[in-house]
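# Secondary and tertiary structure notes
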Amino acid sequence: MRIFKKILILLLVLLVLILIGGTVYYNNLKPSYSGNISLNGISKETSVYFDDYGIPHIYAESEIDAMTALGYVHAQDRLWQMELMRRIAPGRLSEIFGEKMLKNDQFFVSLGIEEASKKSIDNLDKNSEVYKLATAYLNGVNQFIDNGPTPIEFTLIGTDKEHFQLNDIYNILGYMSFSFAMAQKTDPFLSVIKEKLDDNYLKELGIDINPKTTLIKNARPTVKSLKKLVSSAQTILNNSPIPPFIGSNSWVISPKKTSTGNVIFANDPHIGFAQPAVWYEAHISTPNYELYGYHLAGVPFPLLGHNRNYAYGLTMFENDDIDFYKEENHPTDTNKYKTPNGYEDYKIITKTIKVKNAENVTIQVRSTRHGPIMNDAIDAISQSEPIAMSWIFTQFEGKMLKALYTISRAKEMSDVKKGASMIYAPGLNLMYGDAKGNIAWWATGKLYKHKPHVNTKFILDGASGEDDPTEYLNFSQNPMAENPSWNYVYSANNQPDTIANMLYPGYYLSEDRAKRITQLLEPKNNWNKESVAKMITDVTSAVSPSIIKEFTSSINFNSFNKKEQKAIEILQLWDGSNTKDAVAPTIYNKLVYTYLKNTFKDELGEKLFTQFLSTHLSKRAIANQIKKDTSIWWDNVNTSDKIERKKDILSASLIETVASLENQLGNDMITWKWGKVQTLEHPHPLGSIPSLRTYFNVGPFPINGAREVINNRGYDYNNTGLYKVNAGPSTRRVIDFSDVENSISILPTGESGNPFSKHYKDQAEMFNNGEFRKMKLNKKEIIRVSTKLTIQPKNE
């Protein structure tokens, strides 16, 4: 009996020790939001106040001290995210995730981002403030790596921490630039359609074919390669552990249209949802500088920001800055390719990719005068049909870091414009407003022209030189508006007006959001912060009701059964509002998918149709195609005994929609709530492991919103009838220059990427409900609600 008691006591002691050890370990992994630390590179005591949402407010005597502190606190909240971000462009994900990320790594090492980063760093003035401040930021990051706790993800994955270097910052910006592009999805896809079908099909998708356009001659290996290229590019981006950038809204209202007589600025960049969220907010204040900014992981200067004098933000321009060229090999020497001046040698770089628990993989990347050969980047593409990718980002010296520094340190509107002119890629709409009453937007990007016969939405002829750019435009020719007479500027990724006497080619989105924004902005002249906040969470489509009207006018109501007629009536009474409790959005989205499937899938086939749905073309086609009473796409090519008309396809689509929803959601149509089928879950890379999902992922939640409304939701169309939201507003910001200290914002989950932090997901419910919290600038208010971390100079 005594032995049993001793064993029991021993087990209890061991249990207590384990619990104590676990508690100590748990607490040790939390970010330090208070206390005292010492850092090298700090010249004078620096205070970091973490407010009630964990946002750091850094008060320092110099910008060097402030940036060192920023690097440290950014790393303690987001080091794992920073680690993933820096590994994408140089192809280092396989080192930590193994062979499942090998295709991603092969693809990205082939793009030339690393080489472009090296060129930019070589040309960077080492005595410049850009270099000094970026180095101070890295110094802070690396001191956390040396002295701070190791985030649990590193332990679970089994990877070591490494110091960050300047090239990591540039590589992160390179990945960001590539993720903005749409050409890698669209150009090969359209070239395949051109080979598979004829010009009439493309014309009805809004793709004009100039009879003089040089197009690829029909060859089965080429078509097969293009199919593989477009599907692989999409798969690789979807498989990335860091979400791509996809779109955005922004509008800036002149004092003449506000109730206070001051500028109001609104911005909500649309980015793929993930956990942690994309932006890290930080407020820096020094005797000579103050800014409240939104930082990418691993980037010292904010992409979005404001202070008491001005505000800036961004949306995606969606211009075409990637072209694909079919090169021609030498007939006997595969190390050479044809140019207008004869044959030249491919430039060849050998890359080694380290793979966890496997042998290293070595690949050779060939490049032509246009850029890297994509056949080397993607498996199963024919090597006899080399396709080169020409990307503005790698064709010109990158000045993105200097641009972000210039914009975030601006004194006047002209300084922001100067910064915008330095951004060659990606194409952005840089939005601006200030306390003086100025409003503006500038489209960034190095734009260019081709000869009239060239259509850059197809694979171009690389050998002759006839399809090469003929002129690069000066920034002054980019689309822009400064203090326009209509008293507002806006962007929703839609087509800009004429540029240099031409509509600039791009992958612009449908008019839905743009139409709704102008519909709301135009008639109202008493805007305030509250009405703008309501507008930025608007879920009403300006286009869906007109699509329904066209749909119902094309079918015979009496030909359907009572259940189908009830679905029609629900759609006809719908105002286009996409709320969780509404039934109409559920019917509408299923109907749109079914109508697209029945219209396009028979000609395209399963794979090409799925790829079509991933492009902006499909979004534009929803409204454009349904307006056409006659179209080559209406006929189902699989039925040889009849030619289908618009009425046939739309009628069949409605019948199929109602039957499918009954099977999915039951017979009672009133229960077909939008919130049942549209849900949002913020995925963490480790959340894909079922046992870890609840610890790392945030959600799922039923949410308001839909595709291409202002409160935009990105989701895939497929047969399931479920709409798992994968993208949307990465933040919502409203800055009112009549009361700038009470400007408002929100993040999708929380400020911290550390799952043990109380700020890991403390904004998620607010975000889902369309609520906001302050972006604090008032020091007294900040101190009142904050904990304080004091950073002292370290005695070396």
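Below is a summary of the structure that appears in this document. Keep in mind that this is a model prediction, so the values were computed, not measured. (Residues numbered from 1 in each chain as written. Predicted model: local features only at pLDDT ≥ 70, side-chain atom pairs only at ≥ 80, totals over all residues. Heavy atoms only, no water.)

### What to know about the overall build of the protein
So the rule is basically this: Strands here mean DSSP runs of E at least two residues long; helices mean DSSP runs of H or I at least four residues long; both are numbered from the N terminus. Throughout, exposure labels follow a simple rule: accessible area from a 1.4 Å probe, protein chains only, divided by the maximum for the residue type, with under 20% read as buried, over 50% as exposed, and the rest as partly exposed. Every residue pair with non-hydrogen atoms within 4.5 Å of one another is taken to be in contact. Calculation of accessible area relied on Shrake-Rupley with a 1.4 Å probe; when residues are assessed, cover is drawn exclusively from the protein chains displayed.
Within the protein, the secondary structure is distributed over 26 helices and 30 strands. When the 796 residues of the protein are sorted by exposure, 61% land in the buried category. Expressed as a percentage of contacts within the protein between residues at least 6 apart in sequence, the contacts between residues at least 24 apart total 71%. Taken as a whole, the protein presents about 31200 Å² of accessible surface, with 50% of it coming from carbon and sulfur.

### A word on the environment of Q76
Quick reminder of the rule: Nitrogen and oxygen atoms within 3.5 Å of one another constitute a polar contact, given that in protein one can donate a hydrogen and the other can accept it, and given that sequence-neighbouring residues count only through two side-chain atoms.
Tracing the backbone shows Q76 in helix α2 (residues 63–88). Using a relative accessible area of 5% as the deciding quantity, one classes Q76 as buried. When the C-alpha atoms of Q76 and P31 are compared, they prove to be 5.8 Å apart, with 45 residues separating the residues in sequence. The residues touching Q76, leaving out its near neighbours within four places in the chain, are P31, S32, Y33, F50, F144 and N754. Within the local environment of Q76, its side chain forms a polar contact with the backbone nitrogen of S32, the two atoms lying 3.0 Å apart.

### Notes on the sheet that holds strand β25 (residues 723–725)
Hydrogen bonds between backbone atoms are what pair the strands of a sheet, whose relative direction is either parallel or antiparallel. We apply this condition: If DSSP finds at least two bridges between two strands, the strands pair. The axes are straight lines fitted to the C-alpha atoms, using for helices just the contacting stretch, and the angles between their N-to-C directions are given from 0 to 180°.
Ordered in space as β24-β23-β25, the three strands form an open sheet in which the pairing is mixed. Two strands close off the open sheet at either side, each with one partner strand: β24 (698–702) and β25. Strand-to-strand twist in this sheet, taken as the mean axis angle between neighbours without regard to direction, amounts to 25 degrees. Summarising the sheet, strand β23 (residues 678–682) and β24 pair through three bridges and their orientation is antiparallel. Across the sheet, H682 pairs through a bridge with V698, a residue of β24.

### Overview of the sheet that holds strand β9 (residues 310–316)
Spatially, eleven strands are ordered β1-β30-β2-β3-β6-β7-β8-β9-β16-β17-β21 in an open sheet, and the strand pairing comes out mixed. Sheet topology places β1 (35–39) and β21 (480–482) at the edges, where each strand pairs with a single neighbour. Pairwise comparison of adjacent strand axes, ignoring direction, gives a mean angle of 20 degrees for this sheet. When strand β17 (residues 439–443) meets β21, the two strands line up antiparallel, connected through three bridges. By the bridge assignment for β21, A440 is matched with E482.

### Overview of unusual backbone geometry
Along the chain, Q275 connects to P276 via a cis peptide bond; the corresponding omega equals 5 degrees. Topologically, P276 is positioned in the loop between β5 (264–272) and β6 (280–286). Note that the residue after A425, namely P426, is joined by a cis bond; omega there is 5 degrees. Of note, P426 is situated in the loop between α14 (413–421) and β16 (428–434).

### Quick notes on the pattern of salt bridges
Operational definition: Here, a salt bridge means any Lys or Arg side-chain nitrogen found within 4 Å of an Asp or Glu carboxyl oxygen.
As enumerated under the stated definition, the model contains 31 salt bridges in all. Put simply, D122 and K118 hold a salt bridge, and the shortest N to O gap is 3.1 Å. A residue pair is termed a helical-turn pair when its members lie 3 or 4 positions apart in one helix, as D122 and K118 do in helix α5 (residues 113–122) at four residues. This pair shows no difference in class: D122 is exposed, exactly as K118 is. In this structure, D629 engages K646 in a salt bridge whose closest nitrogen and oxygen atoms are separated by 3.3 Å. Highlighted residues: D629 in the loop between α21 (616–626) and α22 (646–665) and K646 in helix α22, separated in sequence by 17 residues. Note on K646: relative accessible area 4%, which makes it buried. Through salt bridges with shared partners, one network takes in E83, R86, R87, R92, E95, E162 and D168.

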